[in-house]
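Remarks on the overall topology
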Amino acid sequence: MSTQNGQSKEFPHSSPYVNFGTDAAHHGCDPDKWNFKPIVPPISLSTTFKQDYPGKPPLYDYSRAGNPTRTAFEECIAKLEGAKHCVATSSGLSATMLLVNTLKAGDHILCCDDVYGGTNRYFNRVVSNFDIEITMVDPTNLELLKKNLRPNTTMVWLETPTNPMLKICDMEEIVNIVNNKYDDEKKPIIVADNTFSTPYFQRPLELGTTCSINSVTKYINGHTDVVMGVISTNDNALYDKLAFLLMSIGPCPSPFDCYLALRGVRTLHLRMRQHEKNSLAVAKWLEKHPRVSKVIHPGLPSHPQHDLAKRQMKGFSGMCSFVIDGGKDEAVLFLQSLKIFALAESLGGYESLAELPYDYLLALRSLRIS
């Protein structure tokens, strides 16, 4: 893709983070970390490590608590997110679970009303059973969000763009609202699910969030063959809690999955540009189609938060949602008639997918493609 002064001609608002591709390819993978100097980090399958003295391991003691291959991946993601720390987990939802396990009974989570279905299910059908209150609000209505912050709010859960309606949360403004309402010792954790954008297009920590969470399963791995998650943060105390919880609860990823994800992230910068280019081309085509009544893509001027997306993001990712005329029968017929796109869940791989999100079956015609 041609660029001038670091900016894409196709997407003039976009200016990539400096050295992103170099960091993705090299960070965490220094051959000098190992005495045999491998160019590709080894897959360390050992579950345990020899100690020279009881209780004093040289670096690792048990693979649930730490693993050389996992460390290489975590270091790479932390660098890409602009974070001090990263914790890798066995899935995106297990990363969510770790964060919720920092809370206690009587706490309150304020969450986006449009959010990944797995997060919605976990919050409202699992977490709510443990005397943790959940309130879901439209994140684009800042007055409503402010009104629903409570004295016992200990976590604000953002997702931007949201899944599947691609709302954009004004992270900087929401952080300001939270900071102005609470003293430092009572300030809620502000979580940003960065899965749709990835750190290539957006760095929530730079906008003031406490942590950034990604489903590695999607764009970061990018090859539809790994289920993993990550949490990145600059908060030392939060990192210590998460590392302890990971060791204590056990949702750690396998060394082989960490190796695959590390291999995948090396081409993240190349893939995300092409995802963006393809999705915007499809969105523009759909917008002109007579049987499509609405197209939702942050890169379109018709998106209600297009200007915010341009200001907050470095690019628009590869997701597009749209509404076709008709109802359930028309939506199902469309999905069953696809030639190149596959009807399948998930997103962010090299292949093209389409689905009718389960939470939106009542609408019966809102479709999502990646």
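Refer to the structure presented above.
In short, a report on the structure. In this text, all values refer to a predicted model and were calculated from it rather than measured experimentally.

Let us look at the environment of proline 161. The topology assignment puts proline 161 in the loop between strand E6 (153–159) and helix H6 (171–181). Take proline 161: its relative accessible area is 3%, and that puts it in the buried class. Along the chain, proline 161 and proline 357 lie 196 residues apart, while their C-alpha atoms are 15 Å from each other. Non-local contacts of proline 161, meaning those with residues more than four positions away in its chain, are made with Leu166, Lys167, Ile168, Phe196, Ser197, Pro298 and Met313.

What follows deals with helix H4 (residues 117–125). Because each turn of an α-helix spans 3.6 residues, side chains separated by three or four positions end up pointing in the same direction. Of the residues making up H4, those classed as buried are Gly118, Thr119, Tyr122 and Phe123. Along the axis of H4, the buried residues cluster in a sector spanning 125°; they form a single face. On the buried face of H4, the contacting elements are helix H3 (92–100), strand E4 (108–112), strand E5 (133–137) and E6.

For the structure on display, the rule yields 13 salt bridges. Where lysine 37 meets aspartate 32, a salt bridge forms, and the shortest distance between an N and an O atom there is 2.8 Å. The residue arginine 203 makes a salt bridge to glutamate 206 at a minimum N-O spacing of 3.4 Å. Taking relative accessible area as the criterion, arginine 203 reaches 11% and is therefore assigned buried. Shared partners join several salt bridges into a network, and the residues in it are Asp113, Asp138 and Lys167.

Quick look at the side chain of lysine 167 now. Along the chain, the position of lysine 167 falls in the loop between E6 and H6. Here aspartate 113 takes part through its side chain, which lies 3.2 Å from a polar atom of the side chain of lysine 167. Each residue touching lysine 167, except ones within four places of it in the same chain, is listed here: Asp113, Asp114, Asp138, Pro139, Thr140, Glu159, Thr160, Pro161, Thr162 and Gln305.

It is characteristic of soluble globular proteins that their nonpolar side chains tend to be buried jointly. With 35 residues, the main nonpolar core has Phe73, Met228 and Val265 as its most contacted residues. Take this core: its biggest share by element is six residues, from helix H2 (residues 68–81). Setting aside anything within four residues of it in sequence, one finds valine 265 in contact with Ala24, Cys76, Ile77, Leu80, Ile220 and Arg271. Within the second largest apolar cluster, 25 residues are counted, among which are Val100, Cys111, Val127 and Trp157.

Reading guide: rules and limits
- Residues numbered from 1 in each chain as written.
- Predicted model: local features only at pLDDT ≥ 70, side-chain atom pairs only at ≥ 80, totals over all residues.
- Heavy atoms only, no water.
- Helix = DSSP H or I, 4+ residues; strand = E, 2+ residues; numbered from the N terminus.
- Buried < 20%, exposed > 50% of the residue type's maximum accessible area, 1.4 Å probe, protein only.
- Contact = heavy atoms within 4.5 Å.
- Arc of directions from axis to C-beta.
- Salt bridge = Lys/Arg side-chain N within 4 Å of Asp/Glu carboxyl O.
- Polar contact = N/O pair within 3.5 Å; in protein donor to acceptor, adjacent residues only side chain to side chain.
- Core = buried A, V, L, I, M, F, W, Y, C linked by side-chain atoms within 4.5 Å.

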